[in-house]
Amino acid sequence: MKEPNIVLVVGMHRSGTSAVCSAIHNSGYEFGSNLIAAAPDNPKGFWEDRELVAMHDEFLGSEHGWMNIAPVRPDVVDQSKLREWLDKFQGEYGERIAFKDPRLCRFLNVWGEVLDSPKAVFVVRQPFGVAKSLERRNSMAQSQALVLWYVYNYEALRALVDSGIDFHVIDYDDLLDDSESELGKLGLFLGQPQFSADGLDKTLRHSVRGSISGEKGSGRLAMLCRELYNAIRGEACRELEKFTPVYDELVREFSFIDRIREDFEDERAEFVRFESQLQTDIQQLKGEAVKATEDLEAEKTKVSECKRQLRSYEKELDDSREQIVNLYGSKSWKITAPFRSGRRLISRFIGIFRMFVFWSKSWIVRKLNSKELKPAYSRQNIHALNKRVSERSEVPLDSIRRGKHNQIAEWPFLTISVVTYNNGIWLDRFLSSLLAQDYPLDKVKLYFVDNSSTDNTYELLCDARQHYGDRFASFTVDRRPNLGFGCGHDWVLQKADTDHVLVSNIDLEFHRDALTIVVAHAVAEPKVDSWELRQVPYEHPKFVDPVTLRVNWSSHACVLLSVEGYRRVGGYDSRIFMYGEDVEYSYRIRRSGGILRYVPSAVVSHHTYSEAGEIKPVQFIGSVRANLMLRLRYGRIGDIIGGFAQVGALAFRGAGFEGSKEAVRSALPGMIKDAVPYLLSRKRAVDNEAFPFRGFDYDLVRDGAFHRSQPISAGDECPLISVVTRTVKGRKALLKQCVASVINQTYPRIEHIIVEDGGDSAAEFVSEINAEAGDGYFARHIACEKKGRSFAGNQGMKAARGEYVVLLDDDDLIFPDHIEILYQGISCNLSDGAYSLAWDVPVVYKDKNKGHYTEHSHNTLPLFFQEFDKEILEEYNYLPIQSVLFKRALFEEYGGFDEDMDHLEDWVFWNRITQNAGFEYVPKTTSLYKTPARPEDLYSRMKDLNSAYEDAKRRIQGQ
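Residues numbered from 1 in each chain as written. Predicted model: local features only at pLDDT ≥ 70, side-chain atom pairs only at ≥ 80, totals over all residues. Heavy atoms only, no water.

**Concerning the packing of aromatic side chains**
The geometry of an aromatic ring pair is captured by the separation of the ring centres together with the interplanar angle, meaning the angle of the planes. Applying the stated criterion to the full structure yields 39 aromatic pairs. For the ring pair Tyr572 and Tyr585, a centre distance of 5.2 Å and an interplane angle of 35° mean the geometry is tilted. Linking Tyr572 in the loop between helix H19 (563–569) and helix H20 (581–591) with Tyr585 in helix H20, this pair joins segments that are 13 residues apart in sequence. A network of ring pairs unites the aromatic residues Trp553, Tyr587, Tyr634, Phe691, Phe693 and Tyr698 as a single cluster. The cationic tip of Arg96 hangs over the ring face of Tyr29; the distance from NZ or CZ to the ring centre is 4.1 Å. One cation-aromatic arrangement involves Lys445 over Phe413; the distance from NZ or CZ to the ring centre is 5.4 Å. (Phe/Tyr/Trp six-rings, centres within 6.5 Å; stacked < 30°, edge-to-face > 60°. Helix = DSSP H or I, 4+ residues; strand = E, 2+ residues; numbered from the N terminus. Lys NZ or Arg CZ within 6 Å of the ring centre and 35° of its normal.)

What follows is the structure in C-alpha cells.
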C-alpha cells in the first residue's frame, strides 16, 4: 500500500489520540515544532500545532468553544485560512506531514475539501472512559460528556464517510492491551509494515478497562453511546442512517447547554476582571495607607515643632507684657497723652476718606464692567430681546405644528445656490447628501457659482454636471470674478424664477429630510422671509426664541430665503466680501419689517471646524470689519463709538493668536474708508425694531457652542420621554408658551403631562394642543385636588409613561435641543440622569393673564457650572428643576416630592433619587427659568426660600 503524504489523526478529546501520534511521528511523519507544551493531564505532549488549534478556536467562537454541542455553522469557517496554514506548514516541514486536533472532528467536512487524498486515523475510546477523564480534567457532568462524545464521533464518522477519505479505526484500549498487533495494522494501513511502538506508555490509562456493557449508566443516553461505539469498532461504521436521527435529537435537546456554558464563561470572565481590578484597588489602597501613615508622622513632627515655637512665643509675650506695664507707668507716657489723642482723630478721618474712595472706585469699575454699560455693548440689546419676547404671546398653535412636511401634496420648484472657491474637495459629499434627499430632485434647480477658483474646483463642478445633470430640473455652473460670498449668491438670486432659494455652503451634508422640512415651513409661513437650518455637530450658539423660533439674525451657511423678501431689501451688501454679510442681510430684512425663523428639525452637518474652539484668521478679520460696518449702519452713537474703541483695542493688544494685531492694523485703513458710505445708508426701522451688538457678537450667546451633538430622527429607536408641567387656573397664556417650547423640541417622542392643581380649566386647551401639535407629541391633562405644587408634581410623575422624565413648570421654557442633548448625555455615558446649564432670567410681568412680560438679563449662576458631586448637592442646589432629565424608575424606587413642601422640594427630591445614582453634566445652556426682577418681589421670594432652607437641609441629612 502506497504511503500517504498527509495523515489526519481524528478523535474525541481524551480518546488517546496523543499516544497514536507518538507512534506515527516515530515512523517519519512530521507534526511540526510549534506544538502545545505537555501538561499534567497529558505529560507526553498533545502533538497539536498551536496555530491550527487557535484557528479552530476562532471558528468555534472561543477557546471554550470545543464544548459546544450545536454543529458548527459553515459560514464561520474560512477555507482560505485553512489553505494558508496548510501551505505554510508544508513549506516548513515538507510533504510527509501529519496533524492532530480533537476539534478536527467538527471540521472534517471542510478539511476534506481542502486536502488532496489524505488518510485518517480515527481513534475511538469507549464513552465512559472519556466521560471519566473529562470529569477529572474539566469537572464536566457525565451526561454532558456523553453527549459531546456522541456529537464528536458521529460528526467525524459522517465527514469521513461522506468525503470518501480512507480511514482506519483504532480503539484506544485495544492499543494499550495489544499495542504490537494494533500498530501492525496501523502500519499496513499507512504502507509501513514495520511500525515502531517506542514511546507508547501503557501507564497513560487512568482507569481499568472493563466491559462497556458493565459500565454504570443504563439510561437511554448510555445505550445510544454504546450503540455508536460498537458500530465504529465494527463493520457497521459506514451505515450511518440509523444514527442520524439520534444525533439530530441530541443536538436539539442539549444545545441549551451551550448557552448556559457561554453565560457562565462570560460571568467567569467578568469575575476575573473584577477580581483583578479589586487586587489593583487593594494595592493602591495599601500604598495610600502607607503614604497616609508617613504623612501622619510628618504632621506629628510639625505639631511638636509648633508646640515648641508656641512656648517660645508665650515667653516673648510675657516679656512684652512686662515692658508695656513699665511703659504705661512711666512719666514720658503720661506727658505725651494729648499728642496721641490728636493723632488718632486724624488717622480715623483719613481711614474714612480712603474707604469712601475705595468703594467709589469699585462701584465705577463694576458699572464699567457690566455688559449693559460696556461701550461695545449696545443699549438696543434689551429692546431687541424684548421685541422677540413680546411675540411669544401672539404665536398661534398651528404655526408650531410638528411634521409640516407630511402635509405637502405638491412640492414647489426650489433653487439651490452654492458659491465655491478652492473647496471642490467637499463636492462629492455635498452632492451625495443632496441626491439622497426625500425632496423630488426634478423640482430642484441646482446652481453653482465658482468665484474663479485657482485649483480644480471648477473642473470638478463641470464633471458633476455631466454625471448628475439629468437628475435635477437644471444644473448650472457659472465661473465669475471673486467678488465675495454675497455677490456670488446675488448672481443666482437675481435670476431665480422660484419663490424660494436655498443659500448653502458646499462644506456641508444635508440630512435626508432637511429640504422637505424647511420647504414645508416656507409654504406654511408666507409672511416669513428667512428659514435657517440647524448645523451639527456644533450648533450656532446665538439666541433662538424657544417659543416662536424667531431670531434677530440668521447664519447663511445654509438658509432658505424668500425671493420676494430678497428683492424688497435689494440683496446682499456688495461691500462685505465675506463673514458678516448674513448678519447685515438679516438686519436689513428686519429693518424692513421682515421675519427670520430658525428650523431646528431641518439639519445639516457642517464641516466648518476641524476642532472645537478653532480660530480662523480670515474669519476673524472679516467679522471684525463687518461688526464695525453694521454698527455704522444700524447702531446708535454709543454703538459706533464702542465699535471703534474695540477695534482700536484689538489693534494694540491683539486677539490672543499670532498675527492678530498686525492683521487688524492692516485692515483698519479700509474700515475707516468704508465708514462714510455705511453712515449715509442709515434708515429708520419699521415697527421699532432694534439691532443688538454685544462686543464682536450680536445677539445673546448660549454657553456650550462647541458641545458636540447629533440629531435623533423619528426613525431611530428612542424611548418615550415624559415632560411633567404643573399649572393652576389663570395661567393659560404662560402655559401656552411653555407648551410651544416643548412642541418645538427636536426629540421625536414626547408625552406632555399637564397637571392642574385644583381645577380643570386647561382641559379644553390641551385638547386644542393635540389637534394642532402634529407627529411625535401628545399631551394629557390631569385635574387633581388643590393640594399644592408638590402633590401636583407627584401626580404627574405617577401618570407618566415615558422611560425618562423632565419637570418643567408652566412659566419656564426649554430651547429646541434641550431634551435631545440631555438624552444623548445619558445614553452616551450610561447614566441615570443628565443636567445642563440654565439661564436665570429676571422678569417684570405687565399682564400675567395675557403672558405679557419683559426680560431684563440672562445669567448662568457660577454654581451651575458643576460636575455632579453628591456632597456639594447636599449643601447647594445646582440643579434647576427644568434642567434635569432622569429615569422614571428613580421616582418609582425612591418616591417623589415631599408633599408638605412649597419651596425647595426639588432640592430634597434630587438628593433622594441620587443616593445610588449618578447624573451626567452637560455644559450647554438649554433652558431658562424666570425670577422676579423687581427688588420687592425678589426679596419676598428670597425670604420664602431662606425660611425653607433649614427644613430642607434637615430632610436631606435625614435621608
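**Side note on the sheet that holds strand E4 (residues 166–171)**
With respect to topology, four strands assemble into an open sheet ordered E2-E1-E3-E4, the strand pairing being parallel. At either end of the open sheet lies a strand with only one pairing partner, and these are strand E2 (97–100) and E4. In this sheet, neighbouring strand axes are inclined to one another by 20° on average, regardless of whether the strands run parallel or antiparallel. Note that strand E1 (residues 6–10) and E2 share four bridges and pair parallel. By the bridge assignment, Ile6 is partnered in E2 with Ile97. Helix H6 (residues 142–163) rests against E1, strand E3 (119–124) and E4 of the sheet, and its axis sits at about 155° to E3. (Pairing = 2+ DSSP bridges. Axes fitted to C-alpha atoms, helices over the stretch in contact; angles between N-to-C directions. Contact = heavy atoms within 4.5 Å.)

**Some remarks on the packing of helix H4 (residues 104–114) against H6**
The N-to-C vectors of H4 and H6 enclose an angle of 20°; their axes lie 7 Å apart at closest approach. With respect to H6, the element H4 is oriented roughly parallel. Where H4 crosses over H6, the two elements pack in a sense that is left-handed. Taking contact as the criterion, the partners of Cys105, Arg106, Leu108 and Asn109 in H4 are, on H6, Val151, Tyr152, Glu155, Ala156, Ala159 and Leu160. Residues belonging to the contact of H4 with H6 are distributed by class as follows: seven nonpolar, one polar and two charged. (Parallel < 35°, antiparallel > 145°, perpendicular 65-115°, else oblique. Left-handed = near helix turned anticlockwise from the far one by under 90°. Nonpolar A, V, L, I, M, F, W, Y, C, P; charged D, E, K, R; others polar.)

**Some thoughts on the state of the cysteines**
The full count for this structure, using the stated rule, is zero disulfides. Between Cys105, a cysteine without a disulfide, and Cys21, which holds the nearest cysteine sulfur, the sulfur-to-sulfur distance is 12 Å. Judged by its relative accessible area of 2%, Cys105 is buried. Not engaged in a disulfide, the cysteine Cys738 finds its nearest cysteine sulfur in Cys784; these two sulfurs lie 16 Å apart. (Disulfide = S-S within 2.5 Å. Buried < 20%, exposed > 50% of the residue type's maximum accessible area, 1.4 Å probe, protein only.)

**Description of the pattern of salt bridges**
Following the criterion strictly, the structure yields 64 salt bridges and no others. Residue Glu182 pairs with Lys185 through a salt bridge whose shortest N-O separation is 3.6 Å. One end of the pair is Glu182 and the other is Lys185, both in helix H8 (residues 179–189) and three residues apart, which spans about a single turn. Looking at Glu182, the relative accessible area reads 10%, which means it is buried. Between Glu305 and Arg308 there is a salt bridge, with its nearest N and O atoms 2.5 Å apart. On the criterion of helical spacing, the pair formed by Glu305 and Arg308 is a turn pair, its members being three residues apart in helix H11 (residues 256–328). By relative accessible area, Glu305 is classed as partly exposed at 34%. According to the relative accessible area criterion, Arg308 is partly exposed, its value standing at 45%. Among the charged side chains, a salt-bridge network with shared partners connects Arg534, Glu539, Arg702, Asp817, Glu820 and Lys924. (Salt bridge = Lys/Arg side-chain N within 4 Å of Asp/Glu carboxyl O.)

**Regarding the packing of helix H30 (residues 905–913) against helix H31 (residues 935–958)**
Close contact between H30 and H31 brings their axes to 10 Å; oriented N to C, the two are set at 10°. Here H30 is positioned roughly parallel relative to H31, judged by the angle of their axes. The segment H30 lies against H31, with Trp907, Val908 and Asn911 engaging Tyr949, Ala952, Lys953, Arg955 and Ile956. Counted by class, the contact of H30 with H31 contains five nonpolar, one polar and two charged residues.

**Quick notes on the layout of surface pockets**
The computed volume of the second largest pocket comes to approximately 1,500 Å³. In terms of lining, the second largest pocket is formed by 48 residues, of which the most central are Arg789, His903, Lys930, Arg941 and Leu945. Those elements giving two or more residues to the lining of the second largest pocket turn out to be strand E13 (721–727), helix H26 (789–799), strand E18 (833–847), H30, strand E21 (919–932) and H31. Considering each element in turn, the lining of the second largest pocket owes the most residues, seven residues, to H31. Looking at the lining of the second largest pocket residue by residue, the classes come out as 21 nonpolar, seven polar and 20 charged. (1 Å grid on protein atoms, 1.4 Å probe; cavity = no way out; pocket = protein on both sides within 12 Å on 5 of 7 lines; lining within 4 Å. Points joined across faces, edges and corners; volume = space filled by probe spheres on them.)

**Thoughts on the environment of Asp438**
Structurally, Asp438 is set in the loop between helix H15 (427–435) and strand E6 (444–450). For Asp438, a relative accessible area of 41% translates into the label partly exposed. Through-space distance from the C-alpha of Asp438 to that of Ile517 is 9.7 Å; in sequence the pair is 79 residues apart. Not counting the four nearest positions on each side in its chain, Asp438 is found in contact with Arg512, Asp513 and Thr516. In this structure the side chain of Asp438 is engaged in a polar contact, spanning 2.9 Å, whose partner is the side chain of Arg512. (Polar contact = N/O pair within 3.5 Å; in protein donor to acceptor, adjacent residues only side chain to side chain.)

**Let's talk about the UniProt feature "coiled-coil region" (unreviewed entry) in the protein**
On the UniProt side, "coiled-coil region" (unreviewed entry) is annotated at positions that read residues 275–330 here. With 96% helix and 0% strand, residues 275–330 has end C-alpha atoms that lie 80 Å from one another. (UniProt positions renumbered as here; feature names shortened; annotations may be inferred.)

**Things to note about the sheet that holds strand E12 (residues 596–606)**
The strand order E7-E6-E5-E8-E11-E10-E12-E9 describes an open sheet built from eight strands, whose pairing is mixed. Two strands bound the open sheet, and with one partner strand each, they are strand E7 (474–479) and strand E9 (508–510). On average, each strand axis in the sheet is tilted by 30° relative to the strand beside it, whichever way the strands run. Here six bridges tie E6 to E7, and the two strands are oriented parallel to one another. Directly across from Lys445, in E7, lies its bridge partner Ser474.

**A short note on a nonpolar patch on the surface**
Residues Phe271, Val272, Phe274, Leu278 and Ile282 make up a contiguous nonpolar surface patch of roughly 460 Å² in combined accessible area. Position of Leu278 relative to the elements: it lies in helix H11. (Patch = residues over 30% accessible without salt bridge, like charges linked within 9 Å, V, L, I, M, F, W, Y side chains within 5 Å. Areas by Shrake-Rupley, 256 points an atom, 1.4 Å probe, with all protein chains shown as cover.)

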